Protein chains: 2
Amino acid sequence: MTHPIVYSNIAELMTMKGLQANDGRHVGAKDLAVVKKAAFVAEKGRVVWVGRESRLPTVFRSSKRVDCQGLNVFPGFVDCHTHMVFAGDRVNEFEKRNQGASYQEIAAAGGGILSTVKATRKVSKQALVDLAQQRVGKHLSQGVTTIEIKSGYGLNPQSEIKMLQAAKALKKARVVTTYLGAHAIPSGTTQAQYLESLKRELPKIKQLGLSQRVDIFIEKGYFDLSAAKEYLVFAQELGFAVTIHADQLNRTQATQLAVALRAKSADHVICLNSKDKKRLADSETVAVLLPAADFYLECDYPDARTLIDSGACVALASDYNPGSSPTQNIEFVGLLARLQMKMALPEVFSALTYGGAKALGLEGEVGALLPGFRADFFLSNQSWEQFFYGLGGHDVFRTYVGGRKVFSKK
Amino acid sequence: MTHPIVYSNIAELMTMKGLQANDGRHVGAKDLAVVKKAAFVAEKGRVVWVGRESRLPTVFRSSKRVDCQGLNVFPGFVDCHTHMVFAGDRVNEFEKRNQGASYQEIAAAGGGILSTVKATRKVSKQALVDLAQQRVGKHLSQGVTTIEIKSGYGLNPQSEIKMLQAAKALKKARVVTTYLGAHAIPSGTTQAQYLESLKRELPKIKQLGLSQRVDIFIEKGYFDLSAAKEYLVFAQELGFAVTIHADQLNRTQATQLAVALRAKSADHVICLNSKDKKRLADSETVAVLLPAADFYLECDYPDARTLIDSGACVALASDYNPGSSPTQNIEFVGLLARLQMKMALPEVFSALTYGGAKALGLEGEVGALLPGFRADFFLSNQSWEQFFYGLGGHDVFRTYVGGRKVFSKK
C-alpha cells in the first residue's frame, strides 16, 4: 500500500469536514460534509485526497482503483470506552437481577464484578486474546475501526498486565489501551494500600509500552475524590493521559476533577448539577456518554441535550463489558442516544467519530475522511439518514483500517 | 418429506411440553422441558417422535438422518402481531419526533400513518411482496417461523385486498393474515360510514380466503368502543375470529370488550386498571405485549408481572411497522420483556411460542416440538439461558418450517 489507491464509485461519502472546524460542538448535518458521487485516495494507510470523483486530480487517474460499487462510505466509528478483554459471562446474574435479587444476593451467589475478575485471572493471555479477537470482529462488522480497551478485571499486577498485553495483541482494529487498575478495591486491602501498589506499577506499564492512559472509577464504595486526585496527578507526572469514570451512580464531583486535571474525558457523567455541566461544557474534556449501560442498569441517562447545547464535545461509546453493558450493538447505542437523550442524528455521528477520537487524543488521526487522516472507513448501502433506527444492524459491506480490508460481509 | 427424517446429535432440545399442560400460565424453566442429547423425527412436515437420542425407536433407526452437529434445537418463534406488508419508510419522521416535533407537525409535513397508506396504495402487489419477502427472511434468520401480518395501510377495498394478497403470496414462513381495515378512519368519511363499508367487504374477504381474522384499533381519535363492538360481532357472525388493539394510549375498556367477545387476543393492553387485568387473566383471551412499540413510542410498558402472576396467558410480538415499531429485532423484544417488564426468561420463551400460537388459534399446531406439531424449528449454538440478552442477534444456524429448510447461515 505504498502506491496510491483510488476508491471510486461512491454514492455518498461522509467526510466530517465541518467537525474539525467547530471542534465537534454545535454539530449540524452540514458539518458531516457529505460529498455525493465521491472518490478518495489513500496512500500508506492515510487519506491523501477526497472529493467529487469528477474532480479526481490527473496524477491519480492511472492509480490502482477499488470500485465501491455505488455504496456509501463512512469514516470508521471510534468506540472510546470498552472493557472488551474479559473471560466468563454474567448471563445468570442478569436473570437474577431482573427477578429482583439485590446486588448483595448476587455477590453472595458468586456474581458481580469479582466473578469476572475471578474468570479473567484464571485464563491464559492467549485465551483472552482469542475471546477478544472475536469481539473485535463483531465491532469491525459494524464499522467500528478504533476500540479503546481498559484493563481492570485483573486487580493484581500480573493479571492487569496480562489484560493489557492481550489487548495489545489484538489484530485488525486500531486498539487503544487504558490502564484501569483502579476499577475496584480488591478484598483484603484498603484504598490507600491498593492505590500505593498501583503507583508502584505505573512506571512499569509505561516502560513496557502497555498503555499511555490511566482511568479510575470514582464512586461510593470504590475510589474517593481526593485519593483519586492524588493518584491521577501522579500518573500525569509520569506522562499518562488520564480519564475518569465520573458521577455515574452518585454525584462525587469527579467530573469537576476531570475538568480541573484537563482529563481527556469524563465518562458516564449522569449525576451532574448545572455547575458541573457548565464546567464540562466549557472545557476541553470530552463528555463520554454510555447509554447502553444506562439501559441495562435502568438508571437515568445523562443530560446530553444540556451538555451539547451549552457547547460540550460529546462522545458515545458502548461501555461493552459482561456486567452492566453486555452488548456490542453500536446501532443500539446510537438509537438510545436519539430516543432517550434526544441527540440529533448528526450529533450521533459526530459523537461516534470526532468525539471518540478526541477522547482518545486521536483527533486529526481518526474519525474523519480528510487528507492526513488514517484510511479507516466502511462501506454501506444505507444512507446516513437510515442509521441508528431499526436495530437490524446497520448494513456494513466492507470495513478498512489503514487502507487494509479487515471485514467483508459474506 | 413423506418418509420419516431423524434429526439427531442435538445437545439440547426445547420441547415446551409443560406449557401444553398449564396453558402457558405460571411458566417455569421446567415447563420448557428441555431434553439433553436429544433427537426427533419428522414426517410429512410434522413431528412424530421426540426424546433422548439413545431411546430412538427401532423403527426409525434406518431412516434418513440430519446431523444437527451438536447444536441446540428450539421450536420456531411465533410473531403474532405485525404490520409487515407496507411500502415506504418513516425514517425522517423519527428524527423529527425525537427533535420535538408534534404529531400535528409531522402529519402536516406528510408523515404519520397516512404517509404509509399513501406509499402502500401507490405500489403494485408484487412490489409489496418483494419488500415483505425480504422482511420474512430477516424473521426466519432469527428463528421466527410463524408470522401474523395485518392489512390496514390500504384503507380502501382494493388496497386492503392487495395487502392481504401480498401477505398470502409470501413464501417460506407460515403466514397468518388479519384484516385490519379498521386501522384508522380515512379522511373524508365518518366512523359509521367507514365501518359500514368494511362490513360490506367482509364477506368478500372471507370468500376469497384472504383472512379468517378481523382486528380493530379502539382508541381516541380512531374507533370507539360501541361501534367496534357492533363491527366485531358482525365479523364473528360471518365466522371470523377477532382480536383488538386495546387500551394502548388511553383506557377505552377495549380489553374488557375483548374478553366479553372471547377475542383471540387483546393487544398492547397498557392502560388497564386492576379490574381489566383480572378479567383478562381469568379469560381465554391472550394478552399480546408489544414492548418494542412501547420503547419507540416512549410510553409505559404493560404490567406483565401482574398479568402473569394472576394467570393470564401472555404473548410477545414485534408489532413490526414503519411508524411506532420499526424493528424486526426479536431479541430486543425479549430483552425489553426481561428488563422493562420483569418477565422471567422461561416466560419470554413461552410468550414467543405457546402464547403467540394461542393468540393465532394455532395452539397444538406450532410453538412446541412434540408429536403432532408442525416441524417448525431452528438450530442455534446458544443455550436457552443465553437468549434475549446481548443484542448481538441470537445465533441461528438453520431454520425449518414444516420440516423444510428455509434459512441457513452463511
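These numbers were taken from a predicted model, which means no experiment stands behind them. (Residues numbered from 1 in each chain as written. Chains lettered and ligands numbered in written order. Predicted model: local features only at pLDDT ≥ 70, side-chain atom pairs only at ≥ 80, totals over all residues. Heavy atoms only, no water.)

Caption draft 1: Geometry of helix 15 (residues 345-359) of chain B. All names here are of chain B. Taking 1.5 Å as the rise per residue, helix 15 with 15 residues should run 21 Å; its terminal C-alpha atoms sit 20 Å apart, in good agreement. The element helix 15 is extensively covered by neighbouring structure, given that 15 of its 15 residues are classed as buried. Gly-361 lies just past helix 15 and shows a positive phi near 70°. (Helix = DSSP H or I, 4+ residues; strand = E, 2+ residues; numbered from the N terminus. Expected span 1.5 Å × (residues − 1). Buried < 20%, exposed > 50% of the residue type's maximum accessible area, 1.4 Å probe, protein only.)

Caption draft 2: The relation of the copies chain B and chain A, seen in detail. Rotating chain B by 180° about the axis while translating it 0.0 Å along that axis superimposes it on chain A, leaving an RMSD of 0.0 Å. Taken together, these values place the two copies in the relation of a two-fold axis. Minimal C-alpha distance to the rotation axis in chain B is attained by Lys410(B), lying at 3.5 Å. Of the residues that chain B buries at the interface, 100% are likewise interface residues in chain A, meaning the two copies contact each other through the same surface. (Least-squares fit on C-alpha atoms with pLDDT ≥ 70 in both. Contact = heavy atoms within 4.5 Å.)

Caption draft 3: Spotlight on the side chain of Ser159(B). Residue and element names in this part refer to chain B. The topology assignment puts Ser-159 in helix 7 (residues 157-168). Taking the relative accessible area as the measure of exposure, Ser-159 reaches 5% and is therefore buried. Look past the residues within four positions of Ser-159 in its chain and what remains in contact with it is Arg-121 and Gly-154.

Caption draft 4: Structural context of the packing of helix 4 (residues 113-122) of chain A against helix 6 (residues 157-168) of chain A. All names here are of chain A. Relative orientation of the contacting elements helix 4 and helix 6 amounts to 75°, with a least axis distance of 10 Å. Classed by the angle they form, the pair helix 4 and helix 6 counts as roughly perpendicular. On helix 6, the residues touching Thr-120, Arg-121 and Lys-122 of helix 4 are Ser-159, Lys-162 and Met-163. Looking at the contact of helix 4 with helix 6 residue by residue, the class counts come to one nonpolar, two polar and three charged. (Axes fitted to C-alpha atoms, helices over the stretch in contact; angles between N-to-C directions. Parallel < 35°, antiparallel > 145°, perpendicular 65-115°, else oblique. Nonpolar A, V, L, I, M, F, W, Y, C, P; charged D, E, K, R; others polar.)

Caption draft 5: Structural detail: the domain arrangement of chain A. All names here are of chain A. When cut into domains, chain A gives domain 1 (5-75 + 368-408) and domain 2 (78-245 + 317-359). The distance between the C-alpha centroids of domain 1 and domain 2 comes to 30 Å. Across the contact, 35 residues belong to domain 1 and 26 residues belong to domain 2. Carbon and sulfur atoms make up 63% of the area that domain 1 and domain 2 hide from each other, which totals about 2500 Å². Per-residue buried area on domain 1 facing domain 2 is highest for Phe-388, Leu-391 and His-394; these three make up 29% of the total on that side. Remark: the boundary between domain 1 and domain 2 carries two salt bridges. For Arg-174, the salt bridge goes to Asp-376, with nearest N and O atoms at 2.8 Å. Our count for the contact surface shared by domain 1 and domain 2 stands at ten residue pairs in polar contact (both at pLDDT 80 or more). Among the secondary structure elements, those contributing two or more residues to the side of domain 1 that touches domain 2 are helix 1 (17-22), strand 5 (72-75), strand 14 (377-380), strand 15 (396-401) and strand 16 (404-408). Examining the composition of the side of domain 1 that touches domain 2, we find that four residues originate from one element, strand 15, more than from any other. Of the residues assigned to the side of domain 1 that touches domain 2, the class counts are 20 nonpolar, nine polar and six charged. (Domains from an automatic or database assignment. Buried area = accessible area lost by both parts, 1.4 Å probe. Salt bridge = Lys/Arg side-chain N within 4 Å of Asp/Glu carboxyl O. Polar contact = N/O pair within 3.5 Å; in protein donor to acceptor, adjacent residues only side chain to side chain.)

Caption draft 6: Highlighting the interface of chain B and chain A. Taken together, the contact pairs 36 residues of chain B with 36 residues of chain A. For the pair chain B and chain A, the two sides together bury roughly 3000 Å², of which 55% comes from carbon and sulfur. Its salt-bridge partner being Arg338(B), residue Glu95(A) comes within 2.8 Å of it at the nearest N-O pair. One can count 19 residue pairs in polar contact (both at pLDDT 80 or more) joining chain B with chain A. Across the side of chain B that touches chain A, the residue classes break down as 17 nonpolar, ten polar and nine charged.

Caption draft 7: Geometry of the pairing of strand 16 (residues 404-408) of chain B. Residues and elements named next belong to chain B. Pairing of strand 15 (residues 396-401) with strand 16, which is carried by four bridges, proceeds in the antiparallel orientation. Paired with Thr-399 across the bridge in strand 16 is Phe-407. Count of turn residues in the strand 15/strand 16 antiparallel hairpin: two residues, of which Gly-402 carries a positive phi of about 55°. (Pairing = 2+ DSSP bridges.)

Caption draft 8: Seen up close, the packing of aromatic side chains. With the rule as written, the count across this model stands at 49 aromatic pairs over all chains. Judged by centre distance (6.1 Å) and plane angle (40°), the rings of Phe77(B) and Phe349(B) are tilted. Placement of the pair is Phe77(B) in strand 6 (residues 77-79) and Phe349(B) in helix 15, with a sequence separation of 272 residues. In this structure Phe349(B) comes out as buried when scored by relative accessible area, which is 0%. Here the aromatic cluster, defined as three or more aromatic residues joined through ring pairs, consists of Phe94(A), Phe295(A), Tyr296(A), Phe332(A), Tyr389(A), Phe94(B), Phe295(B), Tyr296(B), Phe332(B) and Tyr389(B). Stacked on the ring of Phe234(B), the Lys or Arg Lys199(B) has its end atom at 5.2 Å from the ring centre. (Phe/Tyr/Trp six-rings, centres within 6.5 Å; stacked < 30°, edge-to-face > 60°. Lys NZ or Arg CZ within 6 Å of the ring centre and 35° of its normal.)

Caption draft 9: Fine view of the environment of Ile216(B). Summarising the element assignment, Ile216(B) is placed in strand 9 (residues 213-217). Given the relative accessible area of 0%, Ile216(B) is considered buried.

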